[in-house]
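Results of the structural survey
The chain contents come next:
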Amino acid sequence: MLAIYRAYHFILKCIVIFIGIPNPLLHRNRDGLTTAISALKLKKSSNVLLVTDQTLHQLDITKTIITALHNQHLNVIIYNQVLPNPTIDNVETGFTLYRHNRCQAIISVGGGSVIDCAKLIGAKVARPTTHVKKFKGLFKVLKRLPPNIAIPTTAGTGSETTVAAVVNDPLTRTKYAATDFALVPHHAVMLPELTISLPPHITATTAMDALTHAIEALLSINCMSFSEQRALAACALIFENLPKAYTSPNNIDARASLLEASFYAGQAFTRTSVGYVHAISHQLSACYNTPHGLANAVLLVPVLEWYGPRVQRQLAQIARYCQLTSIDYPIERQAEDTLTKIKQLLAYCQIQSCFTEINILDIEKLTRSALAEAHPDYPVPFFMEADECEGIIKQVTATT
């Protein structure tokens, strides 16, 4: 069975090599926003679906984007009901609103949940008779989405540049991903001022989400030169700028650097996939609505420590690139310096080390679901057994 998994991973690697993965056109700041809207090439008075969540809309985070659309004589239809873990109903409701108003484009303004929901709304527009569940897995869309722009308000998921979109099915308490080249947004706009209002805790956990993307990309057996360079650059930007943004929320340069890091990490892992941190994290979000970035932040060190000496080379590479260590140290010490830096960052940002919501009776089911997600889809460097996965979940379960 393991040989079959590796053959599958090799096929995925060949797809990246010979077909390639599209990149969104990247735009920066308000001039870039204007350029991106113009690039949609919409007729005057066209309707545009703006996808966001209630909190962002109530805080007027979307005001800049709505004004920019009105300045180009476009009408805005607002869908602001996306949940922190977007559901199938969120996608269907957004699609109905798009179709009812005869919209011609989609603009998403929010974190990964909002951008993922917008991607799947676009997939429904492309394939209106296909149920959202049917997009699960690889290459189930295969049709161009309507013109779209992704504008992240958190520096974490990298969804503005990835091939994936994650959705929740509350009825079955499962969370699954659709993966298709068509899901890469056509345009991405970085507006660091939109991230200034993020509370320090969300700033930290979303940045740790991006760090997890970068590290799991490096660990992947499918990691090649482009992903490696993007992942390393993301790590360096996060290590340097997360403490600045955490303690000084108005530091616009640090905010811009974290957005850049999230984008780079997204480019890295969309070509390599992720690993066991995400496999377990997704189950916690599906079962308990645990925020995705927080779940990744808590699980990152336990999973890396489970790998142990088997991933020393990659962790040492991070330490050298980010200047966390001395080139004179042995590789074991260099790898340990990376783990130490991650632990220091978690402590500095006051991120918890365990979850109170995990029910001990759920651990066996969480383990089965996590390994079912990881095998065969994630090209992890080494395979995890059920008892090892259970051990990691128990390690992050709060004891009463």
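Our structure is the block above this text.
Structural notes, computed from the coordinates. Note that the coordinates shown come from a computational prediction; the quantities given were computed from them, not determined experimentally.

Attention now goes to the overall build of the protein chain. A count of helical and extended segments in the protein chain gives 15 helices and nine strands. For 400 residues, the compact-globule estimate of 2.2 N^0.38 gives 21 Å, and the C-alpha radius of gyration of the protein chain, at 20 Å, lies within 12% of that figure. Out of the 400 residues in the protein chain, the part that is buried amounts to 59%. In the form shown here, the protein chain has an accessible surface area of approximately 16800 Å², with 54% of it arising from carbon and sulfur atoms. Where the 34 positive side-chain charges of the protein chain centre and where its 30 negative ones centre are 10 Å apart.

With that settled, the discussion passes to the layout of surface pockets. Taken as a whole, the second largest pocket encloses approximately 230 Å³ of empty space. If you trace the second largest pocket, you find 17 residues lining it, with R144, V184, P185, H186 and H187 closest to the centre. Looking at the lining of the second largest pocket residue by residue, the class counts come to 12 nonpolar, four polar and one charged.

Note the cis peptide between H375 and P376, where omega equals 15 degrees. Within the secondary structure, P376 sits in the loop between α14 (363–374) and α15 (386–395). Located in the positive-phi region is Q350, a residue other than glycine, with phi close to 55 degrees. Its place among the elements puts Q350 in the loop between α13 (331–348) and α14. Given the relative accessible area of 63%, Q350 is considered exposed.

What follows covers the packing of helix α11 (residues 292–307) against α15. Relative to each other, α11 and α15 sit at 145 degrees, their axes nearing to 10 Å. The chirality of how α11 crosses α15 is right-handed. Contacts from L299, P302, V303, E305 and W306 of α11 reach α15 at E388, I392 and Q395. Taken together, the residues that form the contact of α11 with α15 break down as five nonpolar, one polar and two charged.

Moving on, we come to helix α7 (residues 200–219). The end-to-end C-alpha distance of α7, which contains 20 residues, comes to 28 Å, matching closely the 28 Å that a straight helix rising 1.5 Å per residue would cover. Counting buried positions over the 20 residues of α7 gives 17, a clear majority of the element.

Attention shifts here to the environment of A279. You can see A279 is positioned in helix α10 (residues 276–288). As for A279 and Y378, which are separated by 99 residues in sequence, their C-alpha atoms are 8.7 Å apart. Setting aside chain neighbours within four positions, we find A279 in contact with A370, E373, A374 and Y378.

Right, let's get into the sheet that holds strand β7 (residues 164–169). Whether parallel or antiparallel, the strands of a sheet pair through hydrogen bonds between backbone atoms. The three strands are arranged β5-β8-β7 in an open sheet whose pairing can be described as mixed. On the outer flanks of this sheet lie β5 (137–138) and β7, each paired with one strand and no other. Its contacts with the sheet put helix α6 (residues 112–126) on β7 and β8 (174–179), and the angle it makes with β7 is roughly 95 degrees.

This brings us to the sheet that holds strand β3 (residues 75–79). Reading across from one edge, β1-β9-β6-β4-β2-β3 is the order of the six strands in this open sheet, with parallel pairing throughout. For this open sheet the edge positions go to β1 (25–28) and β3, each flanked by a neighbour on one side alone. Taken over all neighbouring pairs, the strand axes of this sheet differ in orientation by 20 degrees on average, direction set aside. Where strand β2 (residues 47–51) meets β3, five bridges bridge the pair, whose relative direction is parallel. Pairing of V51 across the sheet is with Y79, part of β3. Here α6 sits on the sheet and contacts β2, β3, β4 (105–110) and β6 (148–152); the angle it forms with β4, its principal contact strand, is near 165 degrees. Strands β1, β6 and β9 (187–190) of the sheet are contacted by helix α9 (residues 252–272), whose axis makes an angle of about 155 degrees with β9.

As a further point, take the environment of I215. Within the secondary structure, I215 sits in helix α7. Residues I215 and F269 lie 54 residues apart in sequence; the distance between their C-alpha atoms is 8.8 Å. The residues touching I215, leaving out its near neighbours within four places in the chain, are C235, L300, L304, I318 and I342.

Now for the nonpolar core. Counting residues in each nonpolar core, the largest one holds 79 residues, and the members touching the most others are M208, Y276 and I342. Of the residues forming this core, the biggest block, 11 residues, is contributed by α11. Counting residues in hydrophobic clusters, the runner-up holds 27 residues, among them I77, I88, C117 and Y176.

The rules behind each value
- Residues numbered from 1 in each chain as written.
- Predicted model: local features only at pLDDT ≥ 70, side-chain atom pairs only at ≥ 80, totals over all residues.
- Heavy atoms only, no water.
- Helix = DSSP H or I, 4+ residues; strand = E, 2+ residues; numbered from the N terminus.
- Rg over C-alpha atoms; globule rule 2.2 N^0.38 Å.
- Buried < 20%, exposed > 50% of the residue type's maximum accessible area, 1.4 Å probe, protein only.
- Areas by Shrake-Rupley, 256 points an atom, 1.4 Å probe, with all protein chains shown as cover.
- Lys, Arg positive; Asp, Glu negative; His and termini not counted.
- Charge placed at Lys NZ, Arg CZ, Asp CG, Glu CD.
- 1 Å grid on protein atoms, 1.4 Å probe; cavity = no way out; pocket = protein on both sides within 12 Å on 5 of 7 lines; lining within 4 Å.
- Points joined across faces, edges and corners; volume = space filled by probe spheres on them.
- Nonpolar A, V, L, I, M, F, W, Y, C, P; charged D, E, K, R; others polar.
- Axes fitted to C-alpha atoms, helices over the stretch in contact; angles between N-to-C directions.
- Left-handed = near helix turned anticlockwise from the far one by under 90°.
- Contact = heavy atoms within 4.5 Å.
- Expected span 1.5 Å × (residues − 1).
- Pairing = 2+ DSSP bridges.
- Core = buried A, V, L, I, M, F, W, Y, C linked by side-chain atoms within 4.5 Å.

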